[in-house]
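What follows is the residue order along each chain.
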Amino acid sequence: MRTTELVSGFRQSAPYVNAHRGKTFVIMLGGEAIMQSGIRSIVNDIALLNSLGIKIVLVYGARPQINQALQQAGLEPQYHNRVRVTDDESFRLIKQVAGALQLDITARLSMSLSNTPMQGAQINVVSGNFVIAQPLGVDEGVDYFHSGKVRRIDTNGIRRQLDNNGIVLMGPIAASVTGESFNLTAEEIATQVAIRLKADKMIGFNEAGGITDEDGQITAELMPNRAEEIMQRLAADSDACVGTVAFLNAAITACRAGVPRCHLVCYNEDGSILQELFSRDGIGTQVVTESAEKLRRAAISDIGGILDLIRPLEQQGLLVRRSREQLEMEIEHFTLIERDGLVIGCAALYPFPEDNVGEFACLAVHPDYRDADRGSILLKSVIQQARQRKYDRLFALTTRSIHWFLEQGFQLVTVDDLPSQKKQLYNYQRRSKILALDF
């Protein structure tokens, strides 16, 4: 990697380091991910998140490992309504598998070797009876035996360990108030822990690195209702990954209960969790309670972001230069698109009430985000504002974007069609084209 790329990447990730510090993440490490050769890197990255001040609850699953152990013992996995039936003989093997995985993960998180990114770090991994279970009982005449569900979670106990900078590690086996043990799903534990801790994120892994569309491309963002449609379609597909369906179900439940974002990333791509969390666009799929991008009116605190956005265009002569002082006076006229605290687009509506018209001005979109027609989104917002003010016309001046405005329904007009105040300020040296949209 060249120095400039390193510096650029570091600068881009810095806001996310600050934003994530002190936040609580519930990470669901399914058995499919644990089977992969890249599990060592995933665990190292989880340790790195902990070193950055992120509070980590790590919930591991063991679905494929359990099925393999049962098959080797000559036992056929039993399910009812997609829920494992855990009889005495199966449960004996399940406890062995879950216990072995807990020790393996703890050992990996405890590594402090010179050839790992966590050289010299001391990480406390804490496991305990944070989850109290209860039996599922009998359903449609089928006894689930030792299969259970979450009854209670000791959130205070978990928070104490997180506040001491420990990683809380949870497996699929939990005890009950009667002293029995039950087999739960990692997805249910992760979901309930995330909800009751009021976690900031829940993170899971699959092979595809997210949810793909019909063209095989990763869908960056899903609202819960859309995620539910996809989950139902995948659940009906016998070839669909069980872990992916289970995570989607967990993410939908968590988001609807107040967890803001649930991320699904690839367990085969090195550093996928870091790329997802510390870059503007990420690489996986997010199930979110609200879009990562927000269209809103600008405030004084946004001036720095707007200046960063428009300065390159001013230097190219595409926008008229505005001073910080001028922006402070005009900030109430601006609308912007914000993504994770970054201003990625802006536009202004300048009023000319004496002529009952408005000017659409200072349209700028960050170069990394010009492929989703955000300019049209900003224009539609400004048009709506102009109509609410009952303006007769919206006009714009441009030197390079004539065709874009024509495509949006504007018509070419002359200087004489400008409001009198704007006509006096018209720069004949720039020779800007004047376009208008009548309402």
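Residues numbered from 1 in each chain as written. Predicted model: local features only at pLDDT ≥ 70, side-chain atom pairs only at ≥ 80, totals over all residues. Heavy atoms only, no water.

Under an unreviewed UniProt entry, the name given to the chain is Amino-acid acetyltransferase, and the organism recorded is Alishewanella maricola. Entered under Pathway (unreviewed entry) in the UniProt record, the comment concerning the chain runs "Amino-acid biosynthesis; L-arginine biosynthesis; N(2)-acetyl-L-ornithine from L-glutamate: step 1/4." Taken verbatim from the UniProt record of the chain, the Catalytic activity (unreviewed entry) comment is "L-glutamate + acetyl-CoA = N-acetyl-L-glutamate + CoA + H(+)". (UniProt positions renumbered as here; feature names shortened; annotations may be inferred.)

Another point: the packing of aromatic side chains. In total, this model carries six aromatic pairs according to the counting rule given. Arranged with centres 5.7 Å apart and planes meeting at 45 degrees, the rings of Phe-352 and Phe-395 form a pair that is tilted. Taken together, the positions of Phe-352 in strand S19 (residues 342-352) and Phe-395 in strand S21 (residues 393-398) put the pair 43 residues apart, joining distant regions of the chain. As far as burial versus exposure is concerned, Phe-352 and Phe-395 are alike and both buried. (Phe/Tyr/Trp six-rings, centres within 6.5 Å; stacked < 30°, edge-to-face > 60°. Helix = DSSP H or I, 4+ residues; strand = E, 2+ residues; numbered from the N terminus. Buried < 20%, exposed > 50% of the residue type's maximum accessible area, 1.4 Å probe, protein only.)

Our focus in this paragraph is the nonpolar core. Counting 43 residues, the largest nonpolar core has Val-26, Val-57, Ile-158, Met-170, Met-202 and Cys-262 as the members making the most contacts within it. No other element matches the eight residues that helix H9 (residues 242-256) contributes to this core. When sequence neighbours within four positions are dropped, the list of residues in contact with Met-202 reads Val-26, Ala-190, Thr-191, Ala-194, Phe-247, Ala-250, Ala-251, Ala-254, Val-259, Arg-261, Cys-262 and His-263. Core analysis: the next-biggest nonpolar cluster, separate from the first, contains 40 residues, Ile-27, Ile-34, Ile-39 and Ile-273 among them. (Core = buried A, V, L, I, M, F, W, Y, C linked by side-chain atoms within 4.5 Å. Contact = heavy atoms within 4.5 Å.)

Taking 1.5 Å per residue as the helical rise, helix H7 (residues 186-197) with its twelve residues ought to reach 16 Å, and the 16 Å between its terminal C-alpha atoms agrees with that figure. For H7, the tally of buried residues reaches nine of twelve residues, placing the bulk of the element in the interior. Looking at H7, one finds that the buried residues are Ala-186, Glu-187, Ile-189, Ala-190, Thr-191, Gln-192, Val-193, Ala-194 and Leu-197. Trailing H7 by a residue or two, Lys-198 shows a phi angle of about 55 degrees, which is positive. (Expected span 1.5 Å × (residues − 1).)

Bringing the side chain of Glu-338 into the picture now. As for its position among the elements, Glu-338 is in strand S18 (residues 334-339). Separated by 3.4 Å, the side chains of Glu-338 and Arg-296 make a polar contact. When residues no more than four places from it in sequence are discounted, the contact partners of Glu-338 are Ala-292, Glu-293, Lys-294 and Arg-296. (Polar contact = N/O pair within 3.5 Å; in protein donor to acceptor, adjacent residues only side chain to side chain.)

In terms of burial, strand S13 (residues 201-206) is a largely internal element, six of the six residues being buried. Every second residue of S13 is oriented toward a common face, with Lys-201, Ile-203 and Phe-205 on one face and Met-202, Gly-204 and Asn-206 on the other, all of them buried. Pairing geometry for strand S1 (residues 24-29) and S13, over three bridges, is parallel. Looking at S13, one finds that Phe-25 is bridged to Lys-201. (Pairing = 2+ DSSP bridges.)

Another point: the pairing of strand S23 (residues 433-438). In the case of a regular strand, side chains alternate between the two sheet surfaces. With six bridges connecting them, S21 and S23 associate as antiparallel partners. By the bridge assignment, Ala-396 is partnered in S23 with Leu-435.

Moving on, we come to the side chain of Lys-422. Looking at the element boundaries, Lys-422 is found in helix H15 (residues 420-425). Looking at Lys-422, the relative accessible area reads 16%, which means it is buried. In this structure Lys-422 touches Phe-352, Glu-359, Phe-395 and Leu-397, once residues within four positions along its chain are discounted.

Once that is clear, we can look at the sheet that holds strand S6 (residues 131-135). Pairing between sheet strands relies on hydrogen bonds along the backbone, with the strands arranged either parallel or antiparallel. If you trace the four strands from one edge of the open sheet to the other, you get S9-S6-S11-S12, paired in mixed fashion. A strand with exactly one partner marks an edge of an open sheet, and here the two such strands are strand S9 (148-153) and strand S12 (181-183). Going across the sheet, the axis of each strand differs from the next one's by a mean of 50 degrees, ignoring polarity. Pairing of S6 with S9 involves five bridges; the strand directions are antiparallel. Bridge assignment links Pro-135 to a residue of S9, and that residue is Gly-148. Seen against the sheet, H7 touches S6 and S9 and runs at an angle of roughly 20 degrees to S9. (Axes fitted to C-alpha atoms, helices over the stretch in contact; angles between N-to-C directions.)

It is worth spelling out helix H11 (residues 303-315) at this point. Between its terminal C-alpha atoms H11 stretches 18 Å, which fits the 18 Å expected from 13 residues at 1.5 Å a residue. By the largest-angle criterion, Leu-309 marks the main kink of H11, which is about 30 degrees, and a proline, Pro-312, follows within four residues. For H11, the full list of buried residues reads Ile-303, Ile-306, Leu-307, Leu-309, Ile-310, Arg-311, Leu-313 and Glu-314. Along its buried surface, H11 packs onto helix H12 (324-330), S18, S19 and strand S20 (357-365). Of the residues flanking the end of H11, it is Gly-317, one or two places downstream, whose phi is positive at about 80 degrees. (Bend = angle between axes of the 7 residues up to and from the residue.)

Moving on: the pattern of salt bridges. On inspection of all chains with the given rule, the structure shows 13 salt bridges. With a shortest N-O distance of 3.2 Å, Lys-422 and Glu-359 are connected by a salt bridge. Of this pair, Lys-422 sits in helix H15 while Glu-359 sits in strand S20, placing them 63 residues apart in sequence. The buried category is assigned to Glu-359, whose relative accessible area is 7%. (Salt bridge = Lys/Arg side-chain N within 4 Å of Asp/Glu carboxyl O.)

The next thing to look at is unusual backbone geometry. A positive phi angle, close to 55 degrees, is found at Phe-145, a residue other than glycine. Residue classification places Phe-145 among the partly exposed positions, given a relative accessible area of 42%. One non-glycine residue, Arg-431, lies in positive phi territory at about 55 degrees. Structurally, Arg-431 can be placed in the loop between H15 and S23. A relative accessible area of 68% places Arg-431 in the exposed class.

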